[in-house]
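# Report on the structure
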Amino acid sequence: EAGVAQSPRYKIIEKRQSVAFWCNPISGHATLYWYQQILGQGPKLLIQFQNNGVVDDSQLPKDRFSAERLKGVDSTLKIQPAKLEDSAVYLCASSPIGNRGRNSPLHFGNGTRLTVT
Amino acid sequence: AQSVTQLDSHVSVSEGTPVLLRCNYSSSYSPSLFWYVQHPNKGLQLLLKYTSAATLVKGINGFEAEFKKSETSFHLTKPSAHMSDAAEYFCVVSPSGGYNKLIFGAGTRLAVHP
């Protein structure tokens, strides 16, 4: 089975520029997550989708971050404008719906490393 | 609010010796707890999960963890370290009991020396 695909692998931008990340989940996985991992910290959930609907975006800085999941498959995460503190690895994960409608273990992609200068 | 604290940011062991990675949790009720591993330039991988069944949980690659409610701990152990175990390890708690809104610790970097 193909894993979660993310692109680009690396991105360097200047502050106040915009950037977008792309994620293709494992086929058939209904739930998709975006996590932010700042250097030296554990990943933090930004947003969770189930199919094409948002389940949780309580920790997404909505003034500059946006995400969408068109047709319930691929997803993009955008930052506009970027700040220095946005430098991090952005991880995408997906999971199928398990028994009793609960989510199953997450499958993570390799991430996109963003550097804002 | 639920949280996890990983007591060591770095642990260094020799190949063939035991591994102990320490984690304490904070929760107002019985939590679901996990350990994830992250190898360099690789995605996070689930090692094991505790969900209020047996307190000793066995995971992949010979790792296991013991849930101790009295100590609010969920330490990760392995009897004999292998070079391939060198990675970052994360202790994780779930407020909902499932896999939604996972809360990660800061991580422990494990180094294994020959």
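In short, a report on the structure. (Residues numbered from 1 in each chain as written. Chains lettered and ligands numbered in written order. Predicted model: local features only at pLDDT ≥ 70, side-chain atom pairs only at ≥ 80, totals over all residues. Heavy atoms only, no water.)

### With respect to the interface of chain A and chain B
The partner chain B presents 18 residues to the 23 residues of chain A that form the contact. Interface of chain A and chain B: buried area, both sides summed, is about 1500 Å²; carbon and sulfur atoms make up 49% of it. Run the count over chain A and chain B and you get 0 salt bridges. Between chain A and chain B we count 3 residue pairs in polar contact (both at pLDDT 80 or more) in total. Listing elements by their share of the side of chain A that touches chain B, those giving two or more residues are strand 4 (31–37) and strand 5 (44–50) of chain A. Broken down by element, the side of chain A that touches chain B gets its largest block of residues, 3 residues, from strand 4 of chain A. Tallied by class, the residues present in the side of chain A that touches chain B amount to 9 nonpolar, 11 polar and 3 charged. (Contact = heavy atoms within 4.5 Å. Buried area = accessible area lost by both parts, 1.4 Å probe. Salt bridge = Lys/Arg side-chain N within 4 Å of Asp/Glu carboxyl O. Polar contact = N/O pair within 3.5 Å; in protein donor to acceptor, adjacent residues only side chain to side chain. Helix = DSSP H or I, 4+ residues; strand = E, 2+ residues; numbered from the N terminus. Nonpolar A, V, L, I, M, F, W, Y, C, P; charged D, E, K, R; others polar.)

### Considering the environment of valine 55 of chain A
All names here are of chain A. By the secondary structure assignment, valine 55 is in strand 6 (residues 53–56). Between the alpha carbons of valine 55 and tyrosine 10 there is a distance of 28 Å; along the sequence they are 45 residues apart. Among residues more than four places away in sequence, those in contact with valine 55 are Gln48, Phe49 and Gln50.

### Focus on the nonpolar core
By size, the foremost hydrophobic cluster in this structure holds 26 residues, and its most contacted members are Trp35, Phe74, Leu76 and Tyr89 of chain B. Among the elements that line this core, the one with the most residues is strand 10 (residues 87–94) of chain B, at 4 residues. (Core = buried A, V, L, I, M, F, W, Y, C linked by side-chain atoms within 4.5 Å. Buried < 20%, exposed > 50% of the residue type's maximum accessible area, 1.4 Å probe, protein only.)

### Notes on the pairing of strand 4 of chain A
Residues and elements named next belong to chain A. Of all 7 residues making up strand 4, 7 are buried, and the element is well covered by its neighbours. Of the two faces of strand 4, the one lined by Thr31, Tyr33, Tyr35 and Gln37 and the one lined by Leu32, Trp34 and Gln36 are each fully buried. Two strands pair when backbone bridges link them, and strand 4 and strand 5 are joined in this way by 6 bridges, in the antiparallel orientation. Within strand 5, the residue paired with tyrosine 35 across the bridge is leucine 45. Hairpin connection, strand 4 to strand 5: the antiparallel pair is bridged by 6 residues, and glycine 40 has positive phi, about 85°. (Pairing = 2+ DSSP bridges.)

### Re unusual backbone geometry
The linkage connecting serine 7 of chain A with the following residue, proline 8 of chain A, adopts the cis geometry, with an omega of -5°. Following glutamine 80 of chain A, the chain continues to proline 81 of chain A via a peptide bond in cis, the omega torsion being -5°. Unlike most non-glycine residues, lysine 71 of chain A shows phi in positive territory, near 60°. Even without glycine at this site, threonine 72 of chain B takes up a positive phi of about 45°. Relative accessible area serves as the criterion here: at 31%, threonine 72 of chain B is assigned to the partly exposed category.

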